[in-house]
Amino acid sequence: MERNDDLKKLIKLTGERAKLDAKANGTYVVYKDISGKLVKEYADGIKEDLPVENQEYV
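Quick caveat, the model's predicted, so the values are computed rather than measured.

Chemist: Which parts of the structure should I look at to understand the overall build of the protein?
Modeler: Of regular secondary structure, the protein possesses one helix and three strands. Reading the helices (α) and strands (β) of the protein from amino to carboxyl end gives α-β-β-β. Every one of the 58 residues in the protein was classed for burial, and the buried ones make up 14%. In the protein, the proportion of contacts linking residues at least 24 apart, taken out of those at least 6 apart, comes to 2%. Total accessible area computed for the protein in this model is approximately 5,100 Å², and 54% of it derives from carbon and sulfur atoms.

Written out as C-alpha cells, the structure reads:
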C-alpha cells in the first residue's frame, strides 16, 4: 500500500510542478479532471474545458 501512496504523491507533485512552470512561463497546463474531461488551466487560474472533438486520442 505504501508504494501506491508514494506513486499518488509523485503524480500530485508533478502536476503542481507543471502549474508552477506554466505560471513562470505565462503558459497553461492541460490535464484530465475527475470526470474524464480535458481541461486547459491558464497561469491566472482560469479553466477552459476542451471540446470533445479534441479528445479523440485521450
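Chemist: Help me understand the sheet that holds strand 3 (residues 47-49) in this model?
Modeler: Within a sheet, adjacent strands bond to each other through the backbone by hydrogen bonds, running parallel or antiparallel. The strand order across the open sheet formed by three strands is 1-2-3, and the pairing between neighbours is antiparallel. Of all the strands in the sheet, just strand 1 (28-32) and strand 3 have a single pairing partner and so form its edges. Strand-to-strand twist across the sheet, computed as the mean angle between neighbouring axes with direction ignored, equals 25 degrees.

Chemist: Just checking my understanding: could you explain the pattern of salt bridges for this structure?
Modeler: Pairing is possible between side chains of opposite charge, provided their charged atoms come close. For the structure shown, the criterion picks out two salt bridges. Between Asp21 and Arg17 there is a salt bridge whose closest N-O contact spans 3.0 Å. Of this pair, Asp21 and Arg17 both sit in helix 1 (residues 2-25), four residues apart, roughly one helical turn. Notably, a salt bridge pairs Lys19 with Glu41, separated by 3.6 Å at the nearest N-O pair. Within this pair, whereas Lys19 is found in helix 1, its partner Glu41 is found in strand 2 (residues 38-42), the two being separated by 22 residues in sequence. By relative accessible area, Lys19 is classed as partly exposed at 39%. A relative accessible area of 11% places Glu41 in the buried class.

Chemist: Teacher, can you tell me more about the packing of aromatic side chains here?
Modeler: Any two aromatic rings considered together are summarised by their centre-to-centre distance and by the angle between their planes. Following the criterion strictly, the structure yields one aromatic pair and no others. The residue whose ring lies beneath Lys40 is Tyr28, and the NZ or CZ to ring-centre distance is 4.5 Å.

Calculation notes
- Residues numbered from 1 in each chain as written.
- Predicted model: local features only at pLDDT ≥ 70, side-chain atom pairs only at ≥ 80, totals over all residues.
- Heavy atoms only, no water.
- Helix = DSSP H or I, 4+ residues; strand = E, 2+ residues; numbered from the N terminus.
- Buried < 20%, exposed > 50% of the residue type's maximum accessible area, 1.4 Å probe, protein only.
- Contact = heavy atoms within 4.5 Å.
- Areas by Shrake-Rupley, 256 points an atom, 1.4 Å probe, with all protein chains shown as cover.
- Pairing = 2+ DSSP bridges.
- Axes fitted to C-alpha atoms, helices over the stretch in contact; angles between N-to-C directions.
- Salt bridge = Lys/Arg side-chain N within 4 Å of Asp/Glu carboxyl O.
- Phe/Tyr/Trp six-rings, centres within 6.5 Å; stacked < 30°, edge-to-face > 60°.
- Lys NZ or Arg CZ within 6 Å of the ring centre and 35° of its normal.

Don't take any of this as a statement about function, it's just geometry.
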